[in-house]
Amino acid sequence: MLIIKILGFDDWFSIVENKGMNIGITILTLAILAPVAAGRISLRNMVDSISSTVGFLAVLMGVFAAWVAGKGVIFFKASPDAITSLIIGTIVGISFFQGIAVGPLIAAGMLSLVVGLFSKSGS
């Protein structure tokens with residue numbers, strides 16, 4: 001973003017803001033599916049990986065993480081004021097806890113679940 005700013009492409013910010021999440025998710029999905037498309041991971045490999053306890057739990061956690069991230073996208077749209085705090089939390093997680101910057105969507109999803117719990121219990 002700093003390079004875009006320095007180069008004077010300020011009009012790109014609205015494009016990144018409006019389409020960036022979808023573009024990023026598409027790129028991540030392509031990266032995840034690339035080994036399958038390249039033939040390095042076969043259907044047999046996938047079936048075999050699910051047959052262990054860890055593999056089965058990995059499938060469940062993948063489903064849960066995808067579901068939570070989906071909630072995060074919805075929450076980002078409904079509560080844009082929380083984005084700044086989530087970004088600060090992600091920067092702290094990356095800087096001090098060796099985290100990776102895929103956290104904001106999952107964090108927003110978890111926040112959405114927590115906010116939902118408190119809003120239902122308080123009413």
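In what follows, the structure referred to is the one given above.
Residues numbered from 1 in each chain as written. Predicted model: local features only at pLDDT ≥ 70, side-chain atom pairs only at ≥ 80, totals over all residues. Heavy atoms only, no water.

1. Thoughts on the overall build of the protein chain
- From N to C terminus, the protein chain includes 6 helices and 0 strands.
- Along the protein chain, from the amino end to the carboxyl end, the secondary structure elements read α-α-α-α-α-α.
- Taking 14 Å as the expected radius of gyration for a compact globule of 123 residues, we find that the protein chain reaches 18 Å, considerably beyond that expectation.
- Viewed in the frame of its principal axes, the protein chain has a C-alpha envelope of about 50 × 50 × 30 Å.
- Here the protein chain holds 123 residues, and the buried ones make up 14% of them.
- Residue pairs in contact within the protein chain that sit at least 24 positions apart in sequence constitute 54% of those at least 6 positions apart.
- Carbon and sulfur atoms provide 74% of the accessible area of the protein chain, an area that totals close to 9400 Å².
- The distance from the centre of the 7 positive side-chain charges to the centre of the 5 negative ones in the protein chain is 12 Å. (Helix = DSSP H or I, 4+ residues; strand = E, 2+ residues; numbered from the N terminus. Rg over C-alpha atoms; globule rule 2.2 N^0.38 Å. Buried < 20%, exposed > 50% of the residue type's maximum accessible area, 1.4 Å probe, protein only. Contact = heavy atoms within 4.5 Å. Areas by Shrake-Rupley, 256 points an atom, 1.4 Å probe, with all protein chains shown as cover. Lys, Arg positive; Asp, Glu negative; His and termini not counted. Charge placed at Lys NZ, Arg CZ, Asp CG, Glu CD.)

2. Comments concerning helix 4 (residues 53–78)
- With 26 residues, helix 4 ought to run about 38 Å at 1.5 Å a step, and its terminal C-alpha atoms sit 37 Å apart, in line with that.
- Those residues of helix 4 that sit buried are Gly55, Val68, Ala69, Gly72, Phe75 and Phe76. (Expected span 1.5 Å × (residues − 1).)

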